[in-house]
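Per-entry structural report
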Amino acid sequence: MGKAGVLVYLFQFRFPSIEQEYNFTMNQQRTCYDTYYPFLVLSKHQLHMIDFEPVTILYGGNGSGKTTALNVIAEKLGLERDTLYNRSNFFEDYTRLCSCETVHVLPKNSRIITSDDVFDFMLDLRSINEGIDRRREELFEEYLDVKYAHFQMKSLEDYEHIKKVNMARSNTQSKFVRKQLSDNVREHSNGESAFLYFADKIKDNGLYLLDEPENSLSPEKQQELLRFLEDSARFFGCQFIIATHSPFLLSMKGAKIYDLDEEPVDIKRWTQLANVRAYYEFFKKYEREFST
């Protein structure tokens, strides 16, 4: 159990030591590879072990290894995912050297959610919308054709056509088209669609790894996601491991934050992190402009 009775499924994860990585790479006879990724990435920052809370955050800039760490953990635990990732020839070798300690059996709905998952989801919505647009134009023409058609039913084969005629004559053009189209997903913006993706994938009682979930979300939507994740961890038995540099998500109550920009990796409060301090100093500089 975590703090205040909150569930913790994954308690600890250990990555290979620098000695294990060195021994593995030195024993390789294959010369066609110019990288042993994910070897020598996390050890470069001396990240050897993570102890987890109900909410654990991996903070760091590009190249810090936070996404690599999430992918390694997800691979070791066999978590479900939607999109492919940079899984090199040595991923199995690396995860074989990793170890973890769980407190509870991982729920089946546990998964990793990446920014690529959300982006692909929004592309799918866009493709659906384009199909809806084409169908809408067809329905506009169909509406005019059937509304003013002089048609009499001569057989049962004409029944569907008669239904359309009656619908067209009893509805405006917009109502006719709306009834013919089941759901118009265009009513959701990109940010709303991204948020809906998280709301759909994150169920009660599960371990969720989130890779930069702030992508595609406005500041307002990031704060909405923050409240959703806090409530999910506090009331609905969810544990989160999040890779982010969003100041909104970094402020999550009770989160344990690992700063992967430090060597060795250090645990910090969110107000101590470099990019949060940069935001603070910037707005502090222009504080008077906000009060006028």
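Small disclaimer: the values here were computed from a predicted structure and weren't measured.

Let us now look at the pairing of strand β1 (residues 10-14). Direction of pairing for β1 relative to strand β4 (residues 99-102): antiparallel, over a ladder of four bridges. Bridged to Leu-10 within β4 is Thr-102. Relative to strand β2 (residues 49-51), β1 is paired through three bridges, and the arrangement is antiparallel. Paired with Gln-12 across the two strands is Asp-51, which belongs to β2.

Moving on: the sheet that holds β1. With respect to topology, three strands assemble into an open sheet ordered β2-β1-β4, the strand pairing being antiparallel. Here the strands that pair on one side only, and so sit at the sheet edges, are β2 and β4. Taken over all neighbouring pairs, the strand axes of this sheet differ in orientation by 10° on average, direction set aside. Those strands touched by helix α2 (residues 66-77) are β1 and β4, and its axis lies near 110° from that of β1.

For the bond running from Tyr-37 to Pro-38, omega is 10°, close enough to zero to count as cis. With respect to the secondary-structure elements, Pro-38 resides in the loop between α1 (18-26) and β2. Residues Glu-263 and Pro-264 are joined by a peptide bond in cis, for which omega reads 5°. Its location among the elements puts Pro-264 in the loop between β8 (256-259) and β9 (266-268). The residue Glu-212 is not glycine, and still its phi comes out positive at about 50°. For Ser-216, which is not glycine, the phi torsion reads 75° and is therefore positive. Structurally, Ser-216 is set in the loop between β6 (206-211) and α8 (219-235).

Once that is clear, we can look at the nonpolar core. Ranked by internal contacts, the top residues of the largest apolar core, which has 34 residues, are Phe-15, Ile-73 and Leu-209. Tallying contributions element by element places α2 first for this core, with six residues. Core analysis: the second largest hydrophobic core is formed by 26 residues, Ala-194, Ile-202, Tyr-208 and Ala-233 among them.

Overall, the predicted model of the protein chain reaches an average pLDDT of 81, with 72% of residues at or above 70. Segment residues 1-5 is flagged for pLDDT under 50; beyond a separation of four residues in sequence, or across chains, it makes ten contacts in the model. Confidence over residues 180-187 falls short of pLDDT 50; this stretch has 19 contacts with residues more than four positions distant or in other chains.

This paragraph deals with the sheet that holds strand β7 (residues 238-243). Reading across from one edge, β5-β6-β7-β3-β8-β9 is the order of the six strands in this open sheet, with mixed pairing throughout. Strands at the two margins of the open sheet, each flanked by one partner only, are β5 (111-113) and β9. Sheet twist, expressed as the mean angle between neighbouring strand axes with direction ignored, is 20°. Where β5 lies against β6, three bridges are found, and the strand directions are parallel. The partner of Ile-112 across the bridge, within β6, is Leu-209. Contacting β3 (55-59), β5, β6 and β7, α2 crosses the sheet at an angle of about 150° to β6.

Together, Tyr-279, Phe-282, Phe-283, Tyr-286 and Phe-290 line one region of the surface with nonpolar side chains, adding up to about 560 Å² of accessible area. The element best represented in the nonpolar patch is helix α10 (residues 274-285), accounting for three residues. Considering the arrangement of structural elements, one finds Tyr-286 in the loop between α10 and α11 (287-290). Taking relative accessible area as the criterion, Tyr-286 reaches 31% and is therefore assigned partly exposed.

Moving on, we get to the pairing of β6. Along any regular strand the residues' side chains alternate between the sheet's two faces. Counting buried residues in β6 gives six out of six residues, a clear majority hidden from the surface. Burial along β6 is two-sided: Gly-206, Tyr-208 and Leu-210 facing one way and Leu-207, Leu-209 and Asp-211 facing the other are all buried.

Cut-off values and rules
Residues numbered from 1 in each chain as written. Predicted model: local features only at pLDDT ≥ 70, side-chain atom pairs only at ≥ 80, totals over all residues. Heavy atoms only, no water. Pairing = 2+ DSSP bridges. Helix = DSSP H or I, 4+ residues; strand = E, 2+ residues; numbered from the N terminus. Axes fitted to C-alpha atoms, helices over the stretch in contact; angles between N-to-C directions. Contact = heavy atoms within 4.5 Å. Core = buried A, V, L, I, M, F, W, Y, C linked by side-chain atoms within 4.5 Å. Buried < 20%, exposed > 50% of the residue type's maximum accessible area, 1.4 Å probe, protein only. pLDDT = per-residue confidence, 0-100. Patch = residues over 30% accessible without salt bridge, like charges linked within 9 Å, V, L, I, M, F, W, Y side chains within 5 Å. Areas by Shrake-Rupley, 256 points an atom, 1.4 Å probe, with all protein chains shown as cover. Salt bridge = Lys/Arg side-chain N within 4 Å of Asp/Glu carboxyl O.

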